[in-house]
Amino acid sequence: MNRAPLSLAARKLPAAASTQLTHPIQLSVTRASLISAVQLTKSYRRGKCAVPVLKGIDLDIELGKCTAIVGKSGSGKSTLLHLLGTLDAPDSGEIWFQNERLDQWSVRRKDEFRNKLVGMIFQFYHLLPELTALENVLVPRMIGHGVMGYWRHRAEYTRRATELLELVGLGHRMLHKPNQMSGGEMQRTAIARALIAEPALLLADEPTGNLDSESGREVIETLLKLKQQRQLTIVMVTHDENVAAIADRVIALVDGQIEVRRQ
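Reference entry: report on the structure contained in this document. (Residues numbered from 1 in each chain as written. Predicted model: local features only at pLDDT ≥ 70, side-chain atom pairs only at ≥ 80, totals over all residues. Heavy atoms only, no water.)

On to the side chain of Thr222. Positionally, Thr222 belongs in helix α6 (residues 213-230). A relative accessible area of 6% means that Thr222 is categorised as buried. If near-sequence neighbours (up to four positions away) are discounted, Thr222 is found in contact with Val168, Arg188 and Ile191. (Helix = DSSP H or I, 4+ residues; strand = E, 2+ residues; numbered from the N terminus. Buried < 20%, exposed > 50% of the residue type's maximum accessible area, 1.4 Å probe, protein only. Contact = heavy atoms within 4.5 Å.)

See the structure below:
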């Protein structure tokens, strides 16, 4: 696969970060694909047997678009999402973030990539129960900048977290802890947390899978608003047809390979 050099930077990483990427990435408005997979394979071992899950996946995720990944349970949807987010490594194949070979990066650089350029939403929220909604949203900034770096920029980060909670409709719940919130409110808090670093890519794994229909609708509306207002690049795994309906593109995983449902 030919990779053209980056030309015009559309976005820069924060200069104040104490854990800057070793080779900072600048997004190019001239490249349509933000992240790409080339012949990805992945198997898991069950006893002495290797069970193939992904069998040569080719996929381009377009900058500023929303892609939904659907398929039966066990089809490899979450596995593919985890590979794109560097939470797991492929057995073979390539993952490109614009013109950078992502799968060949060091562990440290992958950690920095997730902290700076990727927002992640999971089915079970993963909020810290002892923290308020506002504090939970601030956690990635605390981790990414270290204690001293965080305290130097605390006012700025708090303002940003407040704006995000208001954006997802939780301005009135900022000081509530998870046990004082509904499932939908906790998931919207998780969305705000995923956006605190202003990521280039949002990965969502079954974002409504643990919610009732009304709470699920609220989360769908929040994601749709973000997509429209911020031109955020979103990749989400879902079983829910209503969630898939907001996507610009729908693909299915069938027998470990890609099948395009809607382009």
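From this point, the narrative continues.
One open sheet accounts for four strands, arranged β4-β3-β6-β7; its pairing is antiparallel. Each end of this open sheet is capped by a strand with a single partner; those strands are β4 (49-62) and β7 (100-101). In this sheet, strand β6 (residues 92-97) lies alongside strand β3 (residues 33-46) in antiparallel orientation, the contact comprising five bridges. Residue pairing in the sheet places Ile35 in a bridge with Phe97 of β6. (Pairing = 2+ DSSP bridges.)

Applying the stated rule across the entire model yields two aromatic pairs. Taking the centre distance of 5.1 Å and the plane angle of 80 degrees together, the rings of Phe97 and Phe113 count as edge-to-face. Of this pair, Phe97 sits in strand β6 while Phe113 sits in helix α2 (residues 107-117); the two residues are 16 residues apart in sequence, bridging distant segments of the chain. Per residue, the accessibility class of Phe97 equals that of Phe113, and both read buried. (Phe/Tyr/Trp six-rings, centres within 6.5 Å; stacked < 30°, edge-to-face > 60°.)

Coordinates in, geometry out; function isn't part of it.
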